[in-house]
Amino acid sequence: NMEPENMIKLVLNCKKSIKKQFIGSLFLGITYSEKLNDIDQKLLEKLFLNYPPDMESLQANYFCKIIERKKDTIWVDEIYQILKMIAEKQVDPLFDKLSVTNNTNEMNPCEMIQINALNGVRCSAASAIGILLWDNREMYLFFKNTIELLSKEENLGVRGASVWG
């Protein structure tokens, strides 16, 4: 968290000896780093392109949150493609595991949907897309089919995130 740029450079220079689990932790650290906006955009792009998020872990969630937090950044097209792929195809590792209960241990459906919308990987992708579109409406055509797909999703959390993302 103190020097995320140095950690990224180290990882990129030692590609063959870096374990997959470390990359997820690196993405997590970058996501919540106070220095996120100081990290060189090209360096982040190189990291994302060398270690794209897989479709089973929370690394994709961290990727989306980084894109969302760096909302004023214009990324290379490949980064937007990754975001689109996550929104459309990600298998959320937390799907059906997030639950909110009240004192009687009954499920509260409204809170369940809201928690899923806040924490789900595809929901994070929808939110990042929404943030990108807020300042760059020209990107709507690129994400149009993705937004339509998300808005018709069976998972109510994903569907909700596509609306208020």
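A. Quick look at the packing of aromatic side chains. The final tally for this structure, using the stated rule, is 5 aromatic pairs. Taken together, a centroid distance of 4.7 Å and an interplanar angle of 70° make the contact between F48 and F63 edge-to-face. You can see F48 sitting in helix α3 (residues 41-50) and its partner F63 sitting in helix α4 (residues 59-69), a full 15 residues away along the chain. Of the two residues, F48 and F63, both sit in the buried class. Aromatic pair Y80 and F143: ring centres 6.4 Å apart, planes at 85°, arrangement edge-to-face. Of this pair, Y80 sits in helix α5 (residues 77-89) while F143 sits in helix α8 (residues 140-151); the two residues are 63 residues apart in sequence, bridging distant segments of the chain. Taken together through their ring pairs, the aromatic side chains of F27, F48, F63 and W75 make up a single cluster. Here the basic side chain of K84 rests over the ring of F142, its NZ or CZ set 4.4 Å away from the ring centre.

B. Region of interest: α3. Those residues of α3 that fall on the buried side of the exposure criterion are L43, L44, E45, L47 and F48. Where α3 begins, the side chain of D40 points an oxygen toward the backbone nitrogen of K42, at a separation of 3.3 Å.

C. Looking closely at a nonpolar patch on the surface. On the surface, a cluster of nonpolar side chains totalling about 240 Å² of accessible area is made up of M7, L10 and F22. Looking at F22, the relative accessible area reads 32%, which means it is partly exposed.

D. A look at the pattern of salt bridges. Per the counting criterion, the structure on display carries 5 salt bridges. Here K20 makes a salt bridge to D54, at a shortest N to O gap of 3.2 Å. Of this pair, K20 sits in helix α2 (residues 20-31) while D54 sits in the loop between α3 and α4, placing them 34 residues apart in sequence. Residue K20 is classed as exposed on the basis of its relative accessible area of 55%. Assessed through its relative accessible area of 17%, D54 is described here as buried.

E. Structural detail: the side chain of Q59. Within the secondary structure layout, Q59 lies in helix α4. The exposure class of Q59 is buried, given its relative accessible area of 5%. In this structure the side chain of Q59 is engaged in a polar contact, spanning 3.1 Å, whose partner is the backbone oxygen of Y51.

Conventions we followed
Residues numbered from 1 in each chain as written. Predicted model: local features only at pLDDT ≥ 70, side-chain atom pairs only at ≥ 80, totals over all residues. Heavy atoms only, no water. Phe/Tyr/Trp six-rings, centres within 6.5 Å; stacked < 30°, edge-to-face > 60°. Helix = DSSP H or I, 4+ residues; strand = E, 2+ residues; numbered from the N terminus. Buried < 20%, exposed > 50% of the residue type's maximum accessible area, 1.4 Å probe, protein only. Lys NZ or Arg CZ within 6 Å of the ring centre and 35° of its normal. Polar contact = N/O pair within 3.5 Å; in protein donor to acceptor, adjacent residues only side chain to side chain. Patch = residues over 30% accessible without salt bridge, like charges linked within 9 Å, V, L, I, M, F, W, Y side chains within 5 Å. Areas by Shrake-Rupley, 256 points an atom, 1.4 Å probe, with all protein chains shown as cover. Salt bridge = Lys/Arg side-chain N within 4 Å of Asp/Glu carboxyl O.

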